[in-house]
Amino acid sequence: MTIQKKILLAVILGFALYGGIYIYALNSDAFRFVKTSLENSRGLAQRVGAGATVTLPLFGAFKERYVNSSETVTMVVAVAGSNGSVLINVKAVRTDGLWKIESASAEGSPIDLNQ
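Residues numbered from 1 in each chain as written. Predicted model: local features only at pLDDT ≥ 70, side-chain atom pairs only at ≥ 80, totals over all residues. Heavy atoms only, no water.

Caption draft 1: Fine view of the confidence of the model for the protein chain. Model confidence for the protein chain is summarised by a mean pLDDT of 88, while 98% of its residues fall at 70 or above. Confidence, expressed as mean pLDDT per element, reaches its minimum in the protein chain at helix α3 (residues 42-48) with 82 and its maximum at helix α1 (residues 3-26) with 92. (pLDDT = per-residue confidence, 0-100. Helix = DSSP H or I, 4+ residues; strand = E, 2+ residues; numbered from the N terminus.)

Caption draft 2: Molecular detail of the environment of Leu56. Of note, Leu56 is situated in the loop between β1 (53-55) and β2 (62-67). Residue Leu56 is classed as buried on the basis of its relative accessible area, which comes to 5%. Expressed as a C-alpha distance, the spacing of Leu56 and Ile23, which sit 33 residues apart in the sequence, is 10 Å. Here Leu56 is in contact with Tyr22, Ala25, Leu26, Phe31, Val76 and Val77, once residues within four sequence places are set aside. (Buried < 20%, exposed > 50% of the residue type's maximum accessible area, 1.4 Å probe, protein only. Contact = heavy atoms within 4.5 Å.)

Caption draft 3: Fine view of the pairing of strand β5 (residues 98-106). Sheet analysis places strand β4 (residues 84-95) next to β5, joined by 7 bridges and oriented antiparallel. Note on β5: the bridge partner recorded for Lys91 is Ser103. Where β4 folds back on β5, the antiparallel hairpin that results is connected by 2 residues, among which Asp96 adopts a positive phi of roughly 55°. For β5 and strand β6 (residues 109-110), the ladder comprises 2 bridges, and the chain directions are antiparallel. Within β6, the residue paired with Ala106 across the bridge is Ser109. (Pairing = 2+ DSSP bridges.)

What follows is the structure in structure tokens.
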């Protein structure tokens, strides 16, 4: 196998791996919880407008960390509404099977999701 074929194979496998990770992140419990929480947040609706939709950007961050029985997930999500859109950094924690959003911020300023 020539070096060009090896490079092409490595690139294809890299794209396939990244695509698999992206699909995994879209279908994870953490993203589904964060999506539902942000779409139902009054504080976020005031910022982006009515009908907020939450998506996971293709090149956004998504990181899971397991410690004993806890799971911590940090991710960047895009939220779009009738008044505009914003990227939000979210940290969610699952303890004893229950998810909780520990922090959410946009452009460095915290967002109160319970307003």
